[in-house]
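Residue-level structural notes
Here are the chains, one letter per residue:
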Amino acid sequence: MSTTVARPAVDVAAPVVQRGVVDDPSGFELSREQTALIRWNIYLGFAAVGVAMFHGLAQALSYAGINVLGWFPGLQTYYQGLTVHGVLNALVFTFAFANGFLSLTTARALSRPLNRWLLHGAFWSLVAGVVLLGYAILSNQASVLFTFYAPLQAHWTFYLGAALLVVSTWLTAANLFLALGRWRRDNPGERYPLMAFVSVATYAMWVIASIGLAVQVVGYLLPWSLGLIEGSDPLTMRTLFWYSGHPVVYFWLLPAYVSWYLMIPRQVGGKLLSDPLTRMVFIMFLLFSIPTGFHHQYTDPGIPAFMKALHGVMTFAIFFPSLATAFAIMASLEMGGRARGGRGLLGWIPKLPWGDPSVTAQILAMLTFMVGGATGLINASLSMNRVIHNTTWVPGHFHTTVGTAVALTFMGIAYWLVPMLTKRELFGRRIALAQAWIYTVGVLIFARGMSAAGLDGQPRRTFMAEAPYMPDAWLVPGYWTAVGGSLMAVGITLFFVVLLGTIFFGRRLEKRPDMPIAETVHPASRKGWEPILDRWPVWVAVAVILIVIAYGPFVISEMPPTLNTPPFRLF
Amino acid sequence: MKRKVLTGSLLAMGALLVGVSFFAIAQPLTVLPRMALAPGFVLTDQHGERLTNEDLRGKLVVYTLAYTGCGEACAPINRTMAELAARLDEVDTGGAPVRLVTISVDPERDTPAALRSAAEGLGADGQVWRLASGDPAMVRQVVGGGFEVFYEARDDGTIRFDPAFVVVDGWGITRARNRVGLPDVELLLDQLRLLGNEVRASTGVARFAYEAAHLFSCYAY
Amino acid sequence: MIRTRFLLAGAALALLAALAAVAVGIRLAALPELHGTLLDPPLPAAEFALTSADGGAVGPQDFRGRLVVLFFGFTNCPDVCPLTMHRLGSAMEELGDRADQVQVILVSVDPERDPPAKVDEYAKRFHPSFIGVTGSDDELRTVTSSYGIYYARTEVEGALGYTVDHSASTLVLDRNGGLRMIWPFDTTPEGMASDLRYLIRR
Amino acid sequence: MKVHVYEKAFLSIGGGMLLVFLGALAFATLGAGIHLPDRAGSIDPQAVRTTPPFDDPGVREIAPGKYEVVMVAQAWSFDPAEVRIPAGSEVTFRITSPDVIHGIHVEHTTINVMVVPGQISEMRYTFREPREHLIICHEYCGIGHHYMYGKVIVE
C-alpha cells in the first residue's frame, strides 16, 4: 500500500514532462491474482465476441437471402441468434472488457492494487450473469433481443443474468472509486493522474446511467417474469431502457477513448496535447450522455414532442466532446508522424507506425468512427430520423461505431494488453495487421449495404431470408451486406488466431511489458481554475440536474404507471 | 470593472436562459393544444333556426354526435351532455359563455321536428344545449372533415359512429378531440376550465405566458 | 490573463446560448401590435384546387414562398366583400415593394352567378395582383368548411333573388402553407399591412 | 489553460456548426411547427377490440378526399393489411396494438412510428402519386415478425 514518490520521466525529447506516477512503474506491479482476474475478464469478453461472430455472419448472409441457420446446433430461430449476437456483443463483451481494462488502467495510474474482493465479485457476477443469460437464451426462453421490450416476456434467468452483468460493472465502479478515494487520502491537494481520472469518469457516468436499467430489471421485469406482477407499462419500460440505452453507447466507447487519448500518442511517438481538455471531454460525456434517451424514441407515441426536441438538443451537445477528441487525437498522431520524420502537409501519415497492428487497428477504428459520427448526427435529427428510424440504416450506423470504433480498438488494445498480461510476445504480427485491414474493409462494405437498404426502407432486426416481401431495391445492398459481413467474420477469425497463438504459443518474455502511457504537452496544473475539474460532487450534481430536467416532467406525468398490458411469449 | 460587466452580463444571460428553460420544462401552466381550425358550417337546430359556426364565435363549444333514432346506444353520450349542461356553472370560464351542440349523424331523418322532441326528452333548452342537423353533405363535412369522426348507416337502419366530444374555443379552433371511449364529465369540465384560464389571461402580460405555453407545447393532455 | 480569456470564451458561449432564449423572448415580448389572431405555431391549412379565370386549378399550395391571403365572398356582395377587398388593396399599396411577397385570393362562394373569369376580373379591380377563383358547390363546401368559413344562400326580395351569407374573416397563410393569422371583418388596411410586414419579416 | 490555436479554430468551427444545427432544430420545431409524434391518447390494450374506433378497423373516407385508416397492429399482421386510397388523399393513420410493441413504416413516406400497447399512434400523410407502398412492421414482435407486412395501394 505504499505510494511511489512522483519522479519526472527521463525523456530529453519532452520539453514539458508530466508529473505523476503514471510514467514511473517502478515498485508497482499488480499481484498475480489481480492480473489473472483482469486477464480472464478480457478473455471472457473476447470469447463472447467469438460466439457472437457466428450469429453475426448468419445474419449478414440472411440479407442476401442465404439461410445458414439450419447449421447452428440448438438454434431454433433467427431472433434467438439475434439475441445471442446483441447480448454477447453489446453487453457481455463491452462490460467484461471495460471491467478488466479500466481496472488495470486505474490501478496502474494510481500505482496501487485494487480491492481483491471487489475484483473477484465483479468477475464472478459477470460469469454468473453469462451463465444465466446463456441458459435462458439457448433454451429459447428469452428471444427478446438485447433491448428486451416488455410486454415480450423472457424467462426470469434472462433478467437476473442481465442484472448480474450490471452488478459486475457496479462492483468494478466501487473498486475504482475506492482506489481513487484512497489515493486522494494519501495525496491531498494533488491532481488525479489523468488516466485514473478518465477511467473513473467513465464508470461514474455509467453508474448514473445504469440506474434506469437497474430499476427496470430488478424493480420490475424480474418480479414480473416470476409472476409477482401481472401487467406492464410498455412505454415506461421503453423509456427506462433508453435512459440507460443511450449512455451505454458511451460506456462502450469511453474505454476506447482512454486508449486513443492516453496510449495511442505514446505508441506512435507523439504526445497528448492537453490534460485539462481531456478531462473536460470526459466530464462532458458524464454530463450530456444521459439526458438524450428520447432520441431513440422520436417515433414513440405518448411522449410529448417538445421533450423529444429537448433530448435532440442534448444529443447534438454530445457531439462536441467527440469533435474535440477528433482534434486531440489527430494532433497526437501528427506529432508522432513528424517526430518520426514526416514532412509536409500530409507526409506524417505514411510515417506512422503502420507496421504495429495495435496502432493500425486503432487508427482504422478512428477513421471508421468518422462515418459513424456523421450517420449518428442524421439519426439525431428530428426530421431525418423519420426516414431511417428502425431501418437497417441504424445497424449500418452502429456497426461503424460500437461494431468498429469500439470492437476494433479493443482488439488493437489486446495486441499489447494480452502480451502484457501473459508475459508473452504477440503471435503473428502480420496476421494481426491483415486482421485490422480486412475487418475495416469488411465493415465499410457491410455498412454501405445496410445504410443503402435502410434508406430504401428495409427494416432492421428482421429475418429477410424468409420475409414474404423483398423489393428489388434491397437486393444489391443485401449482397454488399453479406460480403462485408463475411469479411468481418474473416477478420475476427484472424484475431482469434493471433489471440490464441499469443496465449498458447507466444514467446515467453523476460520482463512484463508496460502499458504505453502518453505524456502530455500541457499537463495538469494545480493552480487556477483547473482543479475544479477534479471535483466529482460538482459534476455529478450537474449531471443529475440535467437528468431531472430531461426526464422529470415525463416521469411525473407517467406516475403511477398503468400496468394494464399482459405479458406475451411470442418466440 | 471590465470583468464585473462581463460577469454581470454572463449572469443575466444565464438567468434568462434558466428562466426560459424552467418555463419550457417545468411547465408552470398548461394549455390545450391548438389542433386545427374547427369546421365552418350552416346547420339547423331543433327550433328550425339557422346555426352557423360564426354564431358560436366567442363562445366555448363542446360538440358531440348522436341521432334521435339511436335509443340506448346514444344514452351514455346524452347523459354525459346532460350532466355537463347541469354542471357548467362549476367552471369559471372568464366570462366566455359555454355552448353544447349535439350534431345528428342521421341528417336525413333528423328533421327539426324530430330534434325538438328529442331535445325535450333530454332537457336540452335550445339556448345552452342545441341539437343540430342539416344538409347530409354538410354534416359529412363537419363531422368527418372537421372533427375527423367517421359514421355510416348500417343495413338495419342504425348508424355506426365513434363517440366523440370535441372542444372548440372562441376563435373557432379545435382544442380537444376526446374520441377514444367515453370521456367523463370531469375531464370535459377540466378542459373548459383550462380554456377559461386562457380567456381570463387574454389581456396584459399574462397573455405572453400563455403564448409561450403554446410555443413550448406545455399541453395538459 | 488566462482567467479573463476563459471568462471571455464563456461569455461568448453564453451569449450564443442566450441568443436562442432572446430570440424566443423577442418573438413573444416584442411582437408588434397585431390586428388579428396570430397562430403560433401555425395550424395546418388544407390545400385545394379551385378553378381560376384561365380554367386551371389554383390553390394556396401554388404560392409557397409567399404569404397567401384568403377571403371568401362573391361579386354581388353589397358591403362586406367590397369593403374587405378594398382594404386589402390599400394594404397592398401600403406594403410598397413588399407587396410581391403577398398573394391575395378571393374565393367566390356564389358559383351560380360568379364564373371564374368574373370573380377574377372583380378581384383585379381592387389590385392587379389579386386573383379570383371558384368551384362547384361540393368543392366550395369542403374548402370553406376546412377554413372555418360558412356560407349559405338567403332568399331576398328584389332583382337579385338571393344573397349569400358568409363568414367575413380573412385568413393569412405563411410561406410554408401553415395558417398563421385570422383577421376579423373590421381590420383596417394599416393594421393588415403592419401584420403582413411582420409575417414577411419572420 | 493553453489551447492550441488550431484546436481553437477547429472547435470554434465545430461549435459553430452545432449552433447552426441547433438553430435548424429550433426553427423546425418552434418556427415551422414540424413535430414528432405527440401524445395522441391512450387505450386499455386488453380492450382494443371493443373500444371504438378500434373495434372496427378499416379504411374510411371521413370526408371527400380525406381518409382515416384505423389499424390494429397485432402479432403478426396489420388489420387492415391492404389500404386502398385514391391519389391525392390526405390519410390519417390511427394505430394501436393489443399485444406487444410493433412498428409501422410505410415505405417511401414519412410514416414511421412505433406502435406501443396502451398508446395510440397518429400519423398524417398525403399520398400524391399512384403507386404501391409496402407497410412493414419494423419492430421485433416475436418469431413471425418478418411475416408482418401490408400494402398501401394508391390508385
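Since this is a predicted model, take the numbers as computed values, not measurements.

Let's shift gears to the sheet that holds strand β4 (residues 60-66) of chain B. All names here are of chain B. Here 8 strands make up an open sheet; going across it, the order is β1-β10-β9-β4-β5-β6-β2-β3 and the pairing mixed. Sheet topology places β1 (36-37) and β3 (50-52) at the edges, where each strand pairs with a single neighbour. The sheet contact formed by strand β5 (residues 98-104) and strand β6 (residues 129-133) spans 4 bridges and is parallel. Bridge assignment links I103 to a residue of β6, and that residue is A132. Sitting on the sheet, helix α2 (residues 75-86) is in contact with β4, β5, β6 and β9 (165-168), with an inclination near 160° to β4. Relative to the sheet, helix α3 (residues 112-122) contacts β2 (42-45), β5 and β6, its axis offset from that of β6 by approximately 155°.

Along the chain, T299 of chain A turns up in the loop between α9 (275-288) and α10 (305-317). With a relative accessible area of 0%, T299 of chain A lands in the buried category. For the pair T299 of chain A and G219 of chain A, spaced 80 residues apart in the sequence, the C-alpha separation amounts to 26 Å. Not counting the four nearest positions on each side in its chain, T299 of chain A is found in contact with K308, N385 and H389 of chain A together with P37, N112, V113 and M114 of chain D. One polar contact links T299 of chain A to H389 of chain A, side chain to side chain, over a distance of 3.0 Å.

Counting contacts across all 5 pairs of chains that touch, the top-ranked interface belongs to chains A and D. Across the gap from chain A to chain C, with no contact made, the nearest C-alpha atoms are 8 Å apart.

This paragraph deals with the interface of chain D and chain A. Listed by partner, the interface residues are 57 residues for chain D and 70 residues for chain A. Counting the surface lost from both chain D and chain A, the interface buries some 5600 Å², and carbon and sulfur atoms represent 69% of this. For the pair chain D and chain A, the number of links is 2 salt bridges. Two residues, E558 of chain A and R39 of chain D, come together in a salt bridge whose shortest N-O distance is 3.6 Å. Counting the contacts that link chain D with chain A gives 18 residue pairs in polar contact (both at pLDDT 80 or more). Secondary structure elements with two or more residues in the side of chain D that touches chain A: α1 (5-31), β7 (112-115), β8 (121-127) and β9 (132-136) of chain D. For the side of chain D that touches chain A, the leading source of residues is α1 of chain D, giving 11 residues. Among the residues forming the side of chain D that touches chain A, the class breakdown is 33 nonpolar, 16 polar and 8 charged.

In this section: the packing of α9 of chain A against helix α11 (residues 319-339) of chain A. Geometrically, a packed helix pair is captured by the angle between its two axes and the distance between the axes. Residue and element names in this part refer to chain A. In contact at an axis separation of 9 Å, α9 and α11 are set at 155° when each is read in the N-to-C sense. As far as their axial angle goes, α11 and α9 are roughly antiparallel. Handedness of the α9/α11 crossing: left-handed. Seen from α9, the contacting residues are V281, M284 and F285; seen from α11, they are F320, P321, S322, A324 and T325. Here the contact of α9 with α11 is composed, by residue class, of 6 nonpolar, 2 polar and no charged.

Within the structure shown, the criterion is met by 2 disulfides over all chains. Between the sulfur atoms of C70 of chain B and its disulfide mate C74 of chain B the distance is 1.9 Å. Classification of the bridge connecting C70 of chain B and C74 of chain B rests on its S-S torsion, roughly 95°, and on that basis the disulfide is right-handed. Residue pairing for C77 of chain C: its cysteine sulfur links by disulfide to C81 of chain C, the two sulfurs lying 2.3 Å apart. Across the S-S bond linking C77 of chain C and C81 of chain C, the dihedral sits near 80°, which makes this disulfide right-handed. For C81 of chain C, a relative accessible area of 0% translates into the label buried. For C137 of chain D, which is in no disulfide, the shortest distance to another cysteine sulfur is to C141 of chain D and amounts to 3.9 Å.

On to the pattern of salt bridges, then. Side chains bearing opposite charge may pair, as long as their charged atoms lie close to each other. Residues and elements named next belong to chain D. All told, the structure shown has 53 salt bridges over all chains when counted by the stated rule. In this structure, the salt-bridge partner of E122 is R94, at a minimum N-O distance of 3.2 Å. With a gap of 28 residues between them, E122 in strand β8 and R94 in strand β5 (residues 89-96) connect regions that are remote in the sequence. One salt bridge connects E132 with K151, and the closest N-O pair in it is separated by 3.9 Å. Of the two residues, E132 is situated in strand β9 and K151 in strand β10 (residues 149-154); the sequence distance between them amounts to 19 residues. Residue K151 is classed as partly exposed on the basis of its relative accessible area of 33%.

On to the packing of helix α4 (residues 136-146) of chain B against helix α4 (residues 137-146) of chain C, then. Interhelical geometry of α4 of chain B versus α4 of chain C gives an angle of 35° and a closest axis separation of 10 Å. Relative to α4 of chain C, α4 of chain B is oriented so that their crossing is right-handed. Within the contact between the two elements, α4 of chain B uses A137, M138 and Q141 of chain B and α4 of chain C uses R141, T142 and S145 of chain C. For the contact of α4 of chain B with α4 of chain C, the per-class residue count stands at 2 nonpolar, 3 polar and 1 charged.

Let us look at helix α2 (residues 78-110) of chain A. Along an α-helix, a turn takes 3.6 residues, which lines up residues three or four apart on a common side. All names here are of chain A. With 33 residues, α2 ought to run about 48 Å at 1.5 Å a step, and its terminal C-alpha atoms sit 46 Å apart, in line with that. Along α2, the largest kink reaches about 35° and is centred on L88. Counted residue by residue, α2 has 32 buried out of 33 residues, so it is predominantly covered. A distance of 3.3 Å separates the backbone nitrogen of Y79 from a side-chain oxygen at the start of α2, and that oxygen is part of T77.

Residues and elements named next belong to chain A. Structurally, V215 can be placed in helix α5 (residues 194-225). Note: C-alpha distance between V215 and M237 (22 residues apart in sequence) is 9.7 Å. Aside from chain neighbours lying at most four places away, what touches V215 is Y220 and L240.

Further remarks concern the sheet that holds strand β6 (residues 131-133) of chain C. Residues and elements named next belong to chain C. Spatially, the 6 strands line up as an open sheet ordered β1-β10-β9-β4-β5-β6, and their pairing is mixed. The open sheet has two edge strands with one neighbour each: β1 (37-43) and β6. Each strand axis lies, on average, 25° off the axis of its neighbour in the sheet, ignoring direction. The strands touched by helix α5 (residues 189-201) are β1, β4 (67-73), β5 (102-108), β9 (170-173) and β10 (179-183); relative to β10, the strand with the most contacts, the crossing angle is about 170°.

Conventions and cut-offs
Numbers given for residues are sequential positions, taken from 1 along each chain in its written order. Working convention: letters from A go to chains and numbers from 1 go to ligands, in the order in which they are written. pLDDT decides what is reported in this predicted model: residues at 70 or higher carry local features, side-chain atom pairs at 80 or more are listed and counted, and totals for whole chains, interfaces and linings draw on all residues regardless. The side-chain values count all of the structure's non-hydrogen atoms but skip hydrogen atoms and water molecules. By the convention used here, strands pair only if DSSP detects at least 2 bridges between them. Starting at the N terminus, helices and strands are each numbered in turn, a helix being any DSSP run of H or I of at least four residues and a strand any DSSP run of E of at least two. Any two residues whose heavy atoms approach within 4.5 Å at even a single point are treated as in contact. A fitted line through C-alpha atoms serves as each axis, taken over the contacting stretch for helices, and the angle formed by two N-to-C directions is quoted from 0 to 180°. In this scheme, a residue with accessible area under 20% of its type's maximum is buried, one over 50% is exposed, and one in between is partly exposed, where area comes from a 1.4 Å probe on protein chains only. The definition of a polar contact used here is a pair of N or O atoms within 3.5 Å, where within protein one atom must be able to donate a hydrogen and the other to accept one, and adjacent residues in sequence count solely through side-chain atom pairs. Simply put, the buried area is the total loss of 1.4 Å probe accessible area from both parts when two parts are fitted together. The term salt bridge refers to a pairing of a side-chain nitrogen on Lys or Arg with a carboxyl oxygen on Asp or Glu at a separation within 4 Å. Residues are grouped as follows: Ala, Val, Leu, Ile, Met, Phe, Trp, Tyr, Cys and Pro are nonpolar; Asp, Glu, Lys and Arg are charged; every other residue, Gly included, is polar. We call two directions roughly parallel when the angle between them is under 35 degrees, roughly antiparallel when it is over 145, roughly perpendicular when it lies between 65 and 115, and oblique otherwise. Helix crossings are classified by the rotation of the near helix relative to the far one: an anticlockwise turn of less than a right angle makes the crossing left-handed, while a clockwise turn makes it right-handed. A pair of cysteine sulfur atoms is labelled a disulfide when the two atoms are within 2.5 Å. In this analysis, the expected span of each helix is defined as 1.5 Å times one less than the number of residues it contains. Two axes define the bend at a residue: one fitted to the seven residues ending there, one fitted to the seven starting there, and the bend is the angle between them.

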